[in-house]
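Structural description and commentary
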Amino acid sequence: HQALKEIEEELESLVGMEEMKKIIKQIYAWIYVNKKREEIGLKVGRQALHMMFKGNPGTGKTTVARIVGKIFKEKGLLRIGNFYECSGRDLVGRYIGETAPKTTSICRDAYGSVLFIDEAYSLYRGGDDVKDFGREALDTLIAEMENNRDDFVVIMAGYTDEMETMIKGNAGLASRVPYTIEFKNFTRDELHKIFVSMLNKGTFSYDDELVDLA
């Protein structure tokens, strides 16, 4: 399949994404096993494919999330394969009774596609404050992730420490996110490779001497 091949090549060309590439291979293996089970008449259940991306800004989380959506669409795991991006704060209402419908609406827009939630840790503060609208949004989101796990993929992203605090403090969320990927800061050598690849793609005009100097 040419479209899938091009998307996989796009992922493969990304620098420093070995953990993500390994996860994709695991999902491919799961798809293969399920296909074989169906061929011999066994019942196949759908596994949730929600993910957590941990790391600093500029480490490729959004780029990879877009590629994941394309791959899942081509593999038949998502029926639409669009990409919806929001921040954790976008799920939270300002008034009592506003948050749950707002969160549900954003999730419904993303049915059949990927919902990428940046700064997702902003939803979690801990404690039992009934007026914590972030907690209400998170509870609503978790219910959506469970009830519609066959029809969309939620990718939650943010700083490593904050995301780990959130996942440790919410067992319901932890049980519904089977894949966690750490996006490490690029090394100096990796940044050089990214720069050179950008030059080779014609992103910039440059003199031939620039690559040698770099």
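What you see is a predicted model; the values in this text were computed from it and never measured.

It is worth spelling out the overall build of the protein at this point. The secondary structure content of the protein amounts to 9 helices and 5 strands. Tracing the protein from N to C terminus, the helices and strands come up as α-α-β-α-β-α-β-α-β-α-α-β-α-α. Overall, the C-alpha framework of the protein stretches about 60 × 50 × 25 Å when taken along its three principal axes. In the protein, which comprises 214 residues, the proportion classed as buried is 40%. Within the protein, counting contacts between residues at least 6 apart in sequence, those at least 24 apart form 75% of the total. Here the protein displays about 12200 Å² of accessible surface, and carbon together with sulfur accounts for 49% of that area. Side-chain charges in the protein split into 30 positive and 35 negative, and the spacing between the mean points of these groups amounts to 5 Å.

Aromatic rings in a pair are described by how distant their centres are and how their planes are angled relative to each other. Taken as a whole and assessed by the stated rule, the structure comprises 4 aromatic pairs. Seen from their ring centres, Phe53 and Phe183 are 4.8 Å apart, and the 45 degrees between their planes marks the pair as tilted. Residue Phe53 is found in strand S1 (residues 51-55), and its partner Phe183 is found in strand S5 (residues 179-183); the two are separated by 130 residues along the sequence. With a relative accessible area of 0%, Phe53 lands in the buried category. Of the residues examined, Phe183 reaches a relative accessible area of 3% and is grouped as buried. A cation over an aromatic ring shows up here: Lys75 above the ring of Tyr28, its NZ or CZ 4.3 Å from the ring centre.

Basis of the calculations
- Residues numbered from 1 in each chain as written.
- Predicted model: local features only at pLDDT ≥ 70, side-chain atom pairs only at ≥ 80, totals over all residues.
- Heavy atoms only, no water.
- Helix = DSSP H or I, 4+ residues; strand = E, 2+ residues; numbered from the N terminus.
- Buried < 20%, exposed > 50% of the residue type's maximum accessible area, 1.4 Å probe, protein only.
- Contact = heavy atoms within 4.5 Å.
- Areas by Shrake-Rupley, 256 points an atom, 1.4 Å probe, with all protein chains shown as cover.
- Lys, Arg positive; Asp, Glu negative; His and termini not counted.
- Charge placed at Lys NZ, Arg CZ, Asp CG, Glu CD.
- Phe/Tyr/Trp six-rings, centres within 6.5 Å; stacked < 30°, edge-to-face > 60°.
- Lys NZ or Arg CZ within 6 Å of the ring centre and 35° of its normal.

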